[in-house]
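Residue-level structural notes
Chain residues, written in single-letter form:
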Amino acid sequence: MAETVGEAVVENDGDRDNAVAVDGHSIGHSCGAEEFACGNTTRCIERSLHCDGIKHCDEGEDEEGCADAHGSLDSLLKAIKQHRELKDVIFDRSFDNCSLGENVPDFCECRFFTFIYCENYQLTTVPKGIGSSVTKMVLTNTSLQSLPPEAFSEYKELKIIHIEGNTIKSLRPAPFLDLPNVTILLLMRNKIEVLVPGAFKGLKNLRWLLMQNNNLKNLNMTVFEDIRFIEVLDLTENELSTLGALPPLEKLFWLGLGQNKLEKITKSNFKELTSLEVLILKKNLIEDIEDTAFASLGKLLELDISHNQLKFLKPKLFFHLKNLNKLNLEFNMISSLPTTIFRGLSVLKSLDLQGIHIDNINVQMFHPLAELKFIYFKKFVYCSYAPYVRVCYPKTDGLSSTEHLLVFPALRMSLWVVALMTCAGNTLVLSWRVLSRKEDKVLSLFIKNLAFADLLMGIYLVAIGAQDLSFRDSYNKFAHAWMTSNACNACGILAMVSSETSVLILSLITIERHRCIKTNVRVITLTGARFSCAVVWIIGFTLALIPIFKWSKEKGFYSSNGLCFPLHIDEAYNLGYQYSAFIFFGINFSAVMLIISLYISMFITIKRDRESARPVILKKHEDTVLAFRFFFIVLTDSLCWIPIVIIKLLALLGVTISHNLYACVVVFILPINSALNPLLYTIAAPTELRRKIEKWLQRAVLWLQRFDCVIKSAEVSTSTTLTRTVTSSESRHIPSSTATTGGELEICITAI
């Protein structure tokens, strides 16, 4: 606790210094909206470098105040400074020194001179006769069932009373009568159901009253009239279902009403609490808050109404909270927010909207929040609507971050590798098929269309990679403009046309092959093939363009993430999820299952009767080659679409899909067909291109072998010459040696 509070002080000091630097134009400089000012210097750094864990300013100002410690910590720290005895509660220094003499009961322990701890003992009454100088009494986990009037009357010096973990069911009048020095009363974890008026009579200087985890159901607000100078009142974890008007508690700055059963907040509940700085209403059942319920809370610094049943907020609900630093609305049932809901919150530092799906989110909604430093959303894409907020959570969706369109370096590199493979392979296939005159015209037409469709996927990946380069280190500033742009829609259309056209053409090729094998004749003519390809392209473009006309540009089908491809697996029920499910389940999965079943049927037919089932008689080993080719065709189709279908089905069933898995799907799994189709249908197939490539490779190997033989022959010749010059007595063997060398060269060349 000490470290946390200490950090809050440092952070707030850093923020104040920075505010002077940013707003104080009199010191001779100002930084833009996208920059951060380094203290009292003229240096400005990129906003994205603020709070990135690395000091960029000379004095490290850019790494100060990077923890969200606004609101309640400031208020609690102020209270601790004002009341020294609070430190005895927070920092319980349990020294064994005791100044109470021999009157301390055996079942109690004396610490820190005048503190009495009676814990885990079957006490039924407050201990008596210990001494009037006791300043703190702790009665925890005992058997106390009630507190009679003037139960502590002999301990006039008491400052802290801690009664916790007992079975007290009600507080009757005057148990704390005539205790003017008590400033802290802790009654947590009892079973208190009723507070009778007069229960706190005599505690005229009480400052902290903590009653968490009791059974309070109905609260008579007059009970607090005896403690008008109370500063902290915590009624968390009780059973309160209604709340009356609290009396004028002019010094109350912290009120905890969380984890109760409150259903409505009215304008009279907090009307008299003009000094309130922290109001905690989280984890209730609140369905309605009147529009002026917080109108009198002009000093409020933190408001927490998270985890309730709110379905809508009044447009002017926060209008009077001019000093609010922290607002928590997370996990309510809100589906949209009034555009002016944050108007007036000019000094808000932290806004929590986690767990809220905001249908009408827009950039203007967050414009009034000029001082906002921390914002928390349900999903990463919302961060693009608040681009100049220093820290936005979640920081990534597995694909992008607030700094980069592609968050991981490995992801960026992989995208370029897959993109270049796809573009190079399909460009080679297209070029060869266009130039070649010896290929089957019908099949060649299908392959050309397939290669062009797959090439579009490569172009899509290149476009995304180029955008990643242009947005590097400052993506969130441009994210909203990018995702709602025509360029993003164009990329999405390109990817959709590519994937749908590719899978449909693969289905056409498979059907044509299957019919040809079954009938042993060419079923489709060149004209029919052209017509079929035209129909496929029309279907592909239609499927890709329908979402453009059906959903608006601002909340478009292709703008769910920075890659502009609507898989809908991170947000399964996002805009257009039905259409996405139809594409991937109804078309792609069905096509893949058709392809798999037809290839299995073809292989069985060929294996059973290869003489009559096809026009070309295969050699024995070619059955194995054909099986491998069929296997890899089926495998690539399965690796592409079956994982996507399974992941999408799991997402629709409510299974949380990892953000990293989404990235793998878009960069690796989705383009796998586009990258490998050139290899499967042209380069590895028994086509003219393959035969040319094999011939070129054979020539290259031949020349390498010849070169190797020449080198070996030269080495043998050199060795023989050296031997001849060493001794003249062996000169008669020279002809024989020369003949042998020439013979080895001839044998090497002949073998090639």
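Residues numbered from 1 in each chain as written. Predicted model: local features only at pLDDT ≥ 70, side-chain atom pairs only at ≥ 80, totals over all residues. Heavy atoms only, no water.

**Digging into the overall build of the chain**
To keep things clear, this is the line we draw: Note on conventions: DSSP H or I runs of at least 4 residues are helices, E runs of at least 2 residues are strands, and numbering of each starts at the N terminus. The contact criterion used throughout is that any non-hydrogen atoms of two residues lie within 4.5 Å. Here the open area of atoms and residues is found with the Shrake-Rupley method and a 1.4 Å probe, where only the protein chains shown may cover a residue.
The helix and strand inventory of the chain stands at 14 helices and 20 strands. At a minimum sequence separation of 6, the contacts of the chain that also span at least 24 residues come to 56%. Summing over all exposed atoms, the chain offers an accessible surface of approximately 34,700 Å²; the carbon and sulfur share of this is 59%.

**Here's the deal with the state of the cysteines**
In plain terms, the rule: In this description, a disulfide is simply a cysteine sulfur pair whose atoms lie within 2.5 Å. Burial classes follow relative accessibility: with a 1.4 Å probe on protein chains only, a residue under 20% of its type's maximum area counts as buried, one over 50% as exposed, and anything between as partly exposed.
With the rule as written, the count across this model stands at four disulfides. The side chain of C98 participates in a disulfide bridge whose partner is C110; the two sulfur atoms lie 2.0 Å from each other. A torsion of 95 degrees about the S-S bond marks the disulfide between C98 and C110 as right-handed. Remark: C110 occurs in strand β3 (residues 109-111) and C98 occurs in the loop between α3 (86-90) and β3; sequence separation between them is 12 residues. Between the sulfur atoms of C108 and its disulfide mate C118 the distance is 1.9 Å. The S-S bond linking C108 to C118 shows a torsion near 105 degrees; that makes this disulfide right-handed. Taken together, the residues span a long stretch of sequence, with C108 in the loop between α3 and β3 and C118 in strand β4 (residues 115-119) at a distance of 10 residues. Assessed through its relative accessible area of 10%, C108 is described here as buried. For C118, a relative accessible area of 0% puts it in the buried group. Not engaged in a disulfide, the cysteine C491 finds its nearest cysteine sulfur in C564; these two sulfurs lie 5.5 Å apart.

**Considerations on empty space enclosed by the protein**
Just so we agree on the cut-off: Grid spacing is 1 Å over the protein atoms alone, the probe is 1.4 Å, and a cavity is where that probe fits but cannot get out, while a pocket is an open set with protein on both sides within 12 Å along at least five of seven lines and lining residues have an atom within 4 Å of a point. Grid points are joined across faces, edges and corners, and a volume is the space filled by probe spheres set on the points. For this scheme, ten residues count as nonpolar: Ala, Val, Leu, Ile, Met, Phe, Trp, Tyr, Cys and Pro. Four count as charged, namely Asp, Glu, Lys and Arg, and the remainder, Gly too, count as polar.
In the structure shown here, the tally under the stated rule is three cavities of 30 Å³ or more. Approximately 50 Å³ is the volume found for the largest cavity. Lining the largest cavity are D454, M457, S499, S502, C640, W641, L670, N673 and S674. When contributions to the lining of the largest cavity are tallied by element, the ones reaching two or more residues are α5 (441-470), α7 (486-519), α10 (620-652) and α12 (672-683). A class-by-class count of the residues in the lining of the largest cavity yields four nonpolar, four polar and one charged.

**Things to note about the packing of α5 against α7**
As a reminder, the rule being used: Helix axes use the C-alpha atoms of the stretch in contact, all axes being lines fitted to C-alpha atoms, and the angles between their N-to-C directions lie in the range 0 to 180 degrees. Working rule for angles: under 35 degrees goes down as roughly parallel, over 145 as roughly antiparallel, 65 to 115 as roughly perpendicular, anything else as oblique. Handedness of each helix crossing follows the sense of rotation of the near helix against the far helix: counterclockwise by less than a right angle gives left-handed, clockwise gives right-handed.
Running from amino to carboxyl end, α5 crosses α7 at an angle of 155 degrees, the nearest separation of the two axes being 8 Å. Between α5 and α7, the angle falls in the class roughly antiparallel. Here α5 runs over α7; the crossing is left-handed. Classifying every residue of the contact of α5 with α7 gives 19 nonpolar, five polar and two charged.

**Some thoughts on the UniProt feature "transmembrane region" (unreviewed entry) in the chain**
Applicable threshold: UniProt positions are given in the numbering used here, feature names are shortened, and annotations may be inferred rather than shown by experiment.
The sites that carry the UniProt feature "transmembrane region" (unreviewed entry) are, in the present numbering, residues 413-435, 447-467, 487-511, 523-549, 581-606, 626-654 and 660-683. Secondary structure content for residues 581-606 is 100% helix and 0% strand, while the C-alpha to C-alpha distance between its ends is 36 Å.

**So, the packing of aromatic side chains**
In this description, an aromatic ring pair is defined by two values, namely the gap between the centres and the angle between the planes. Here is the rule: Two rings belonging to Phe, Tyr or Trp (six-membered ring only in the last case) form a pair when the distance between their centres is within 6.5 Å. Interplanar angles under 30 degrees mark stacking, angles over 60 mark edge-to-face geometry, and anything in between is tilted.
According to the stated counting rule, one finds 20 aromatic pairs in the structure shown. Between the aromatic rings of F471 and Y475, the centroid separation amounts to 5.7 Å while the plane-to-plane angle is 45 degrees, which identifies the pairing as tilted. Taking the relative accessible area as the measure of exposure, F471 reaches 9% and is therefore buried. Ring geometry for F557 versus Y579: centroids 5.7 Å apart, planes at 80 degrees, classification edge-to-face. Taken as a pair, F557 in the loop between α8 (526-550) and α9 (577-608) and Y579 in helix α9 lie far apart in primary sequence, 22 residues in all.

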